[in-house]
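The chain contents come next:
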Amino acid sequence: MSGGDEAQLLNETSRIKGKEALHKNIEAAEALSGAIRSTLGPKGLDKMLVTENGSVKITNDGVSILKNAVIEHPIAKMLIEIAVTQEETVHDGTTSTVLIASELLQNAWELYKKGIHPSIIANGYSLAYEHANEFIYSNATKIKNNNLLESITKTSLSGKLGHSLRDQLSSLACKAATAIEKTSDLKIITNKGGSANDSYILEGLVLAKQACSPDMKRNLKNGKILILDGGIEKRMPTINTKINLTSPAMISAFREKELELVSEQIQKIIKINPDILVCRDGIDDSAIRLLQQNGITAYRRVERDDLELLSRTCSASIIASPSMAKIEDLGDFEYSDEENWSGVTHWILKGTNQKGMTLVIRGSNETLLEEVENAFSDALGVACQCLKNKLVLPGGGAIQMALSRNLRKWAEDFKGRESLAILAYADALEIIPRTLAINSGLDPIDKILALNAAQASSSKNSNHWGFNIEKGEICNMYDEGIIENVQQHEQCLASSTAAAISILRIDDVLWAKNDPTFPEGLEEQLEGRD
Ligand code: ADP
Ligand code: MG
């Protein structure tokens, strides 16, 4: 770009620089965290989300709230992104991540006002983060039994759903996590009706499918299955072709040839003699007839993900076309049948390989089914991840308080200005225990002092002390079963620090539009603040 072009572009762009840019960005982060702060913890309040078409969702899940908000401000969007990453990678800790990022920025602003350069603050934050990461791993506890696994899923579901449903889902998530290797080995299916507490896990897979013909056999035991990543259909021309048929005889010859081709494909399948055939695409009517006459039960239009599940649960290969079908590609199943649930036919199949389970979620309405499905998926993700490295940390603000205390001591080793940023980082972590206290109606100053004192006076395992918000007391988090995955904290610190640092490094904001949009609906929250 020539110098002239650049100058013209800058002319058409509104621009905020230096101190003002930093201040505006930090205000946006604060406004966003202000919008979700009251949802943190088991006593956090819910938010009612009303979509443009008027549908209503009640949630206290930070990421759902953020995803639903119509927000234009780039900094707010960046924080929403870190919450979404938190959700996708570790399935929990979304609200905490945004709160810590915003608090790191508030504290940085205070240092900036005292004349500390943002790059020094960023350096200090980076050092503090490295130290924090080591601290959480050296303070993590290795879990030995599955009781603790259930405490972890319960903690992750705290504040969501009712007590008994939370316990039920936790236990289902732990059962599933210990049985399957990856979350994708579990199929989740909803069956409207009954209560959410009637949700259950079935060994095997359930798909909302029925065999291609009512005359095909059901209730099969100990058979073979062939999985086809395609269909058995009359061949469609792949490019626009015109076929000139000049006599009626040609039409019938053409049809016969088509049937012959379909029949050839079926013969290849019949040769290896499967009891069940599953296809990703369609199966031609003539092929259905032939399959049924040969005692093969066929299911068509099964999604690719479900084919993979079937393949794992029956140890079957997925083949690309019938011409490639070999006897070694067949998989084994123990049981296959169909059942009618609330007017929809479901195919139930149990493979011989233990992999493959289905969670059947019951519930009276779509909103509840969706809420239960989301909560279960998160709990399952948390449980599976925990089974991988088995390292846990105390919740209820305990680990943040312990880390904060440790960082304050560690900062004493630094002579330079970075030490002030390390102290600011330590202070920022207290936002978690402080907000947990506020959201339960407790005095945050008294509670933070009491928690600090409890950890300071404890001769060993001082970091185990945190808030049991249900009891309103400071307790040993391991005794209370308020524990969390180490990865959740690792990701939370990594994302919030990285976001804060990159925002601190921005000193020039160029807006393509004339009027920078502020997080919609959040501007009012900033009014009245100094
Ligand atoms: P996030 O989106 O950050 O996970 P949550 O609303 O799920 O937000 O709240 C999580 C916080 O609540 C964590 O710090 C967790 O340790 C804490 N927590 C969960 N259960 C309890 C409890 N019974 N007492 C105190 N704190 C709890
Ligand atoms: Mg949570």
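Quick word on the nonpolar core
Looking at soluble globular proteins, one finds that nonpolar side chains tend to be buried together.
Then step 1. The biggest cluster of nonpolar side chains holds 67 residues, and the ones touching the most others in it are Leu79, Ile121, Tyr125, Leu403, Leu407, Tyr425 and Leu493.
Then step 2. Sort the elements by how many residues they give to this core and helix 5 (residues 94-113) lands first, with nine residues.
Then step 3. Those residues in contact with Leu79 that sit more than four places away from it in its chain are Ala29, Leu32, Val98, Ala101, Ala499 and Ile503.
Then step 4. With 38 residues, the next largest nonpolar core counts Ile276, Ile296, Val302 and Ala325 among its residues.

Re the packing of helix 7 (residues 146-157) against helix 12 (residues 366-389)
Then step 1. Helix 12 packs onto helix 7 with a crossing angle of 140° between their chain directions and a minimal axis gap of 9 Å. Viewed along their axes, helix 7 and helix 12 adopt a mutual orientation that is oblique. Along this stretch, helix 7 crosses helix 12, giving a crossing that reads as right-handed. Two secondary-structure elements touch here, helix 7 through Leu149, Ile152, Thr153, Ser156 and Leu157 and helix 12 through Ala375, Ala379, Val382, Ala383, Cys386 and Leu387.
Then step 2. Class assignment for the residues of the contact of helix 7 with helix 12 results in nine nonpolar, two polar and no charged.

Here's the deal with the pairing of strand 17 (residues 473-476)
Then step 1. Here four bridges tie strand 16 (residues 465-468) to strand 17, and the two strands are oriented antiparallel to one another. Within strand 17, the position partnered with Trp465 by the bridge is Asn476.
Then step 2. Hairpin remark: strand 16 followed by strand 17, antiparallel, with four residues in the connecting loop; positive phi at Gly472, about 70°.

As for the state of the cysteines
Then step 1. Per the stated rule, a full pass over the model turns up zero disulfides.
Then step 2. With no disulfide partner, Cys212 has as its closest neighbouring cysteine sulfur the one in Cys279, 7.4 Å distant.
Then step 3. Overall, Cys212 belongs to the buried group, its relative accessible area being 15%.

What counts and how
Residues numbered from 1 in each chain as written. Chains lettered and ligands numbered in written order. Predicted model: local features only at pLDDT ≥ 70, side-chain atom pairs only at ≥ 80, totals over all residues. Heavy atoms only, no water. Core = buried A, V, L, I, M, F, W, Y, C linked by side-chain atoms within 4.5 Å. Buried < 20%, exposed > 50% of the residue type's maximum accessible area, 1.4 Å probe, protein only. Helix = DSSP H or I, 4+ residues; strand = E, 2+ residues; numbered from the N terminus. Contact = heavy atoms within 4.5 Å. Axes fitted to C-alpha atoms, helices over the stretch in contact; angles between N-to-C directions. Parallel < 35°, antiparallel > 145°, perpendicular 65-115°, else oblique. Left-handed = near helix turned anticlockwise from the far one by under 90°. Nonpolar A, V, L, I, M, F, W, Y, C, P; charged D, E, K, R; others polar. Pairing = 2+ DSSP bridges. Disulfide = S-S within 2.5 Å.

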